[in-house]
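Observations on the three-dimensional arrangement
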Amino acid sequence: MKKSSFTAVVLGTVSGVLFALGMCMVMITEWNAWKPGVIFGCMGLLLGLVTVIIWRKMTHKAPLHFCAKTVLTVIVGAAGTLALGIGMCFSMVWGQMVMGIVIGLAGVAVLLCLVPLTKGIKE
């Protein structure tokens, strides 16, 4: 494994864990940790962005250039992921199984829209 790939895996894993922990802290009211959850979630997002920058620099690739399609892809991915997570919280934490399944399936549908958005539809 290349050093750049190993670095990306380690930093990506840490950023994902921080973000997931932050989302749990915010969404599970029994933990009573809304403010720390927001901080952890933002730290995870920031570390994820730093990971992309470091990985691209280590592999000698050009910096990312943001266009409307890139921003739309990120927004659709974040919305789908949040909807899926909220659906899981409805089902497992708040005891509203039907509503959780409906919201979770809507999140999955939004995430499936990422495939044609990023790759396009070809014959």
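Everything quoted here is computed from the prediction, not taken from an experiment.

As enumerated under the stated definition, the model contains one aromatic pair in all. Arranged with centres 5.1 Å apart and planes meeting at 90°, the rings of phenylalanine 90 and tryptophan 94 form a pair that is edge-to-face. With a relative accessible area of 33%, tryptophan 94 lands in the partly exposed category.

Angle between the axes and distance between the axes are the two parameters that describe a pair of packed helices. Axis separation between helix 3 (residues 68-92) and helix 4 (residues 97-112) bottoms out at 7 Å; the angle between their running directions is 160°. One finds that helix 3 runs roughly antiparallel with respect to helix 4. Considering how the two elements wind past one another, helix 3 and helix 4 form a crossing that is left-handed. Residue-level inspection shows Val76, Gly77, Gly80, Thr81, Ala83, Leu84, Ile86, Gly87, Phe90 and Ser91 of helix 3 in contact with helix 4, the latter providing Met97, Met99, Gly100, Ile101, Ile103, Gly104, Gly107, Val108, Val110 and Leu111.

Right, let's talk about the packing of helix 1 (residues 3-27) against helix 2 (residues 34-58) for a bit. It is at 7 Å that the axes of helix 1 and helix 2 come closest, and there the two elements cross at 165°. On the basis of their axis angle, the class for helix 1 and helix 2 is roughly antiparallel. Our pair here, helix 1 against helix 2, has a crossing hand that is left-handed. Its residues assigned to classes, the contact of helix 1 with helix 2 comprises 18 nonpolar, 10 polar and one charged.

The end-to-end C-alpha separation of helix 2 is 36 Å, in line with the 36 Å expected for 25 residues at 1.5 Å each. Taken residue by residue, helix 2 has Gly37, Gly41, Gly44, Thr51 and Arg56 as its buried positions. For helix 2, the elements touching its buried residues are helix 1. Histidine 60 lies just past helix 2 and shows a positive phi near 60°.

For the rest of this paragraph, the subject is a nonpolar patch on the surface. On the surface, a cluster of nonpolar side chains totalling about 510 Å² of accessible area is made up of Met1, Phe6, Val9, Val10 and Val14. Considering the arrangement of structural elements, one finds methionine 1 in the segment before helix 1. What makes methionine 1 exposed here is its relative accessible area of 79%.

So, on to the environment of leucine 84. With respect to the helices and strands, leucine 84 occurs in helix 3. The spacing of leucine 84 and lysine 3 is 81 residues in sequence and 33 Å in space, taken between C-alpha atoms. Setting aside residues up to four positions removed in sequence, leucine 84 forms contacts with Gly104, Gly107, Val108 and Leu111.

Below, the discussion takes up the confidence of the model for the chain. Overall, the predicted model of the chain reaches an average pLDDT of 89, with 100% of residues at or above 70. The secondary-structure element of the chain with the lowest mean pLDDT is helix 5 (residues 114-119), recorded at 85, while helix 4 shows the highest, at 93.

So, how was this worked out
- Numbering of residues starts from 1 in every chain and runs along the sequence as written.
- Per-residue local features are limited, in this predicted model, to residues with pLDDT of at least 70; the limit for side-chain atom pairs, both in listing and counting, is 80 or more; totals at the level of whole chains, interfaces and linings are taken over all residues.
- Side-chain numbers come from the whole structure's heavy atoms, not from hydrogens or water.
- Aromatic rings from Phe, Tyr and Trp, with only the six-membered ring used for Trp, were paired whenever their centres fell within 6.5 Å, and each pair was classed as stacked if the ring planes differed by under 30 degrees, edge-to-face if by over 60, and tilted otherwise.
- Relative accessibility decides the category of a residue: with a 1.4 Å probe and only protein chains considered, values under 20% of the type maximum give buried, values over 50% give exposed, and everything between is partly exposed.
- Interaxial angles span 0 to 180 degrees and are taken between N-to-C directions of axes, which are lines fitted to C-alpha atoms, for helices over the stretch in contact.
- Put simply, DSSP marks the helices as runs of H or I at least four residues long and the strands as runs of E at least two long, and each gets a number from the N terminus on.
- Orientation labels follow simple angle bins: below 35 degrees gives roughly parallel, above 145 gives roughly antiparallel, 65 to 115 gives roughly perpendicular, and whatever is left gives oblique.
- The crossing is said to be left-handed when, going from far helix to near helix, the turn is anticlockwise and less than a right angle, and right-handed when the turn is clockwise.
- Whether two residues touch is decided by their heavy atoms; if any such pair falls within 4.5 Å, the residues are in contact.
- As a working rule, the residues Ala, Val, Leu, Ile, Met, Phe, Trp, Tyr, Cys and Pro are called nonpolar, Asp, Glu, Lys and Arg charged, and the rest polar, with Gly in that last group.
- Working rule for helices: expected span equals 1.5 Å times residues minus one.
- Patch membership requires over 30% relative accessible area and the absence of a salt bridge. Like charges are linked within 9 Å, and nonpolar side chains (Val, Leu, Ile, Met, Phe, Trp, Tyr) within 5 Å.
- To be clear on the numbers: accessible area is Shrake-Rupley with a 1.4 Å probe, and residue cover counts the displayed protein chains and nothing else.
- Note on definitions: salt bridges are taken to be side-chain nitrogens of Lys or Arg within 4 Å of carboxyl oxygens of Asp or Glu.
- The predictor's confidence in any single residue is recorded as pLDDT, a number from 0 to 100.

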